[in-house]
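# Structural description and commentary
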Amino acid sequence: MNYRAVATCLFGLEKVVEFELKRLGIDVISVSDGRVSFEGTKTDIARANINCSTAERILIVLDEFDASDFDSLFDKTGEVVWGDIISEKDSFPVKGYSINSTLTSVPACQRIIKKSIAERLKRDLGVRSLPENGRRKIAIRFSIVSDRVTLMVDTSGEGLHKRGYRPNIYGAPIKETLAAGISDFARIGQNSTVTDPFCGTGTLIIESALRANRIAPGLNRHFAAESYPFIGKGAFDFARKEARENIVRNSKFTAVGTDIDPKAIEHARFNAKAAKVDEFVKFEVMDARKYIPSKDMIVVTNPPYGEKLMDPVSSGKLIGEFCENFFKYDFKGLYLISGQPDFEDIAGKKAKRRRKLYNGMIVCQLYMYF
Ligand SMILES: C[S@@+](CC[C@H](N)C(=O)[O-])C[C@H]1O[C@@H](n2cnc3c(N)ncnc32)[C@H](O)[C@@H]1O
């Protein structure tokens, strides 16, 4: 059976997700802001969850219809055979959003959809009531865009950025999916030499190592759909086995992360070990203002800026000092993400390419020099 599904992602990473899905042999149908739609079997759903380093979640589309009032939202939601998806032992939280639509109240839409599912479920399952707190959670998602409703079921569980290697948050770490996207823009591969002079807890270095060695980021975690009867553990076990076979052996990839904060370096070393990439990477304490690249090096980095670790004046000064020294030397590529609005003026050099990306709620640019 083929499912219609959506891979959600951070704005700016849609093309990277599309490419990742296509590399898995999955048929992409369309790409829009923060969403890549595709079609595939249950194994493809498992493959996408395990392998996609830049997707946030994989959702199966259950139905799509137009609704501009609560009655039609209720009636059309009830046309889905919910008894095929949810059992009487499950809980089914409903979450979603509405953009440019007549139905603007998200909490009200949430309530209507939940009520309609419950009514239909009782009929499908032949029961008079449903338990308040079912043991298994089957998360239902909806989107309403220009009065078009899409009902979906989440297959990922925890967001896909949770790889399992970063148990403790320290400082201002970049999201794993964004770091993976940056390493994709930097075209990091099995022969690359990579450095990050502001490495913090090592995310950009670790994601680069995973990408270079084709280690699927979801190999060591669990997914919600493993316990869904209509997808199941078998599909995930198969996709995991396949992903393990795809890991590059004998890669020449090496990476070094440096940071001025010894505590951050401790976290980076721990995380790299947990991600099982410690054989490829090293972390050392160093001031980035003294950093000297070499001509074969790809530098991926995320210096502190304004809103997060430093005030904008101090971060601007640091970036200026770093760039003044850095641009004296040859290097293969610099891919630097920053929210500093006047970055190129401070750096004293225009980037060859730029890409708007979101680091949490902060609008950033990825400045690409190569
Ligand atoms: C935005 S954080 C990087 C977060 C990192 N990408 C991660 O995922 O954890 C910026 C880092 O720059 C470091 N830093 C600040 N001043 C520095 C300097 N002069 N030299 C090297 N690192 C510095 C901070 O300690 C912090 O870890």
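Below or above, wherever it landed, is the structure these notes cover. This one's a predicted model, so the numbers in the text were calculated from it and none came from an experiment. (Residues numbered from 1 in each chain as written. Predicted model: local features only at pLDDT ≥ 70, side-chain atom pairs only at ≥ 80, totals over all residues. Heavy atoms only, no water.)

Reading across from one edge, β2-β3-β1-β4-β9-β8-β6 is the order of the seven strands in this open sheet, with mixed pairing throughout. With partners counted over all chains shown, the strands left at the sheet margins are β2 (27–32) and β6 (94–99), one partner each. Pairs of neighbouring strands in the sheet enclose a mean axial angle of 30°, with direction left out of account. As judged from the six bridges shared by strand β8 (residues 140–145) and strand β9 (residues 148–154), these two strands associate in the antiparallel manner. Opposite Ile144, over in β9, you have Val149 as the bridge partner. Lying over the sheet, helix α4 (residues 106–125) contacts β6, β8 and β9, oriented at roughly 135° with respect to β6. (Pairing = 2+ DSSP bridges. Helix = DSSP H or I, 4+ residues; strand = E, 2+ residues; numbered from the N terminus. Axes fitted to C-alpha atoms, helices over the stretch in contact; angles between N-to-C directions. Contact = heavy atoms within 4.5 Å.)

Not every one of the 20 residues close to the ligand is listed here, only the nearest: Thr201, Thr203, Asp259, Ala288 and Asn302. At a separation of 2.6 Å, an oxygen atom of the ligand approaches a polar side-chain atom of Thr201. Between Ala288 and the ligand, the recorded distance is 2.8 Å, taken from a backbone N or O atom to a nitrogen atom. Look at the ligand: alone it shows 600 Å² of surface, and the protein chains cover 93% of it. Among the residues forming the shell around the ligand, the class breakdown is 12 nonpolar, four polar and four charged. (Near = heavy atom within 4 Å. Polar contact = N/O pair within 3.5 Å; in protein donor to acceptor, adjacent residues only side chain to side chain. Areas by Shrake-Rupley, 256 points an atom, 1.4 Å probe, with all protein chains shown as cover. Nonpolar A, V, L, I, M, F, W, Y, C, P; charged D, E, K, R; others polar.)

Moving on: the environment of Asn2. If you trace the backbone, Asn2 turns up in the segment before β1 (3–9). According to the relative accessible area criterion, Asn2 is partly exposed, its value standing at 48%. Along the chain, Asn2 and Glu39 lie 37 residues apart, while their C-alpha atoms are 6.5 Å from each other. Not counting residues within four places of it along the chain, the set of residues in contact with Asn2 comprises Glu39, Gly40 and Thr41. (Buried < 20%, exposed > 50% of the residue type's maximum accessible area, 1.4 Å probe, protein only.)

With that settled, the discussion passes to the pairing of strand β15 (residues 353–359). Bridge count between β15 and strand β16 (residues 362–369): seven bridges; the pairing is antiparallel. Among the inter-strand pairings, Arg354 is bridged to a residue of β16, identified as Tyr367. Connecting β15 to the next strand, β16, in antiparallel fashion are two residues, including Gly360 with a positive phi near 65°.

Positionally, His161 belongs in the loop between β9 and α5 (176–185). A relative accessible area of 19% places His161 in the buried class. Separated by 13 residues in the primary sequence, His161 and Ile174 place their C-alpha atoms 10 Å from one another. Setting aside chain neighbours within four positions, we find His161 in contact with Glu56, Lys175, Glu176 and Thr177.

In this structure, the largest pocket occupies an estimated 790 Å³ of space. Listing elements by their share of the lining of the largest pocket, those giving two or more residues are β1, β4 (55–66), β6, β8 and β9. Counted by class, the lining of the largest pocket contains 11 nonpolar, nine polar and nine charged residues. Mapping the lining of the largest pocket onto the domain boundaries places at least three of its residues in each of domain 1 (3–154) and domain 2 (176–213 + 248–369). (1 Å grid on protein atoms, 1.4 Å probe; cavity = no way out; pocket = protein on both sides within 12 Å on 5 of 7 lines; lining within 4 Å. Points joined across faces, edges and corners; volume = space filled by probe spheres on them. Domains from an automatic or database assignment.)

It is worth spelling out empty space enclosed by the protein at this point. Counted by the stated rule, this structure contains one cavity of 30 Å³ or more. Here the largest cavity defines a volume of roughly 40 Å³. Surrounding the largest cavity, Asn49, Ile50, Cys52, Leu160, Arg163, Pro217, Gly218 and Arg221 form its lining. Of the residues in the lining of the largest cavity, the class split is four nonpolar, two polar and two charged.

Turning our attention to the nonpolar core. With 94 residues, the main nonpolar core has Leu21 and Ile182 as its most contacted residues. Of the residues forming this core, the biggest block, six residues, is contributed by helix α6 (residues 203–212). Per-domain counts for this core show at least three residues from each of domain 1 (3–154) and domain 2 (176–213 + 248–369). Residue contacts for Leu21: discarding those within four places in its chain leaves Ala7, Ile26, Val28, Val36, Phe38, Ala48 and Cys52. One finds Tyr291, Leu318, Cys323 and Phe343 within the second-largest nonpolar core, a separate group that totals 19 residues. (Core = buried A, V, L, I, M, F, W, Y, C linked by side-chain atoms within 4.5 Å.)

Side chains of Tyr97, Ile99 and Val145 sit close together on the surface and give an oily, nonpolar patch of about 230 Å² of accessible area. By the element assignment, Ile99 lies in strand β6. What makes Ile99 partly exposed here is its relative accessible area of 40%. (Patch = residues over 30% accessible without salt bridge, like charges linked within 9 Å, V, L, I, M, F, W, Y side chains within 5 Å. Salt bridge = Lys/Arg side-chain N within 4 Å of Asp/Glu carboxyl O.)

Geometry only, nothing functional implied.
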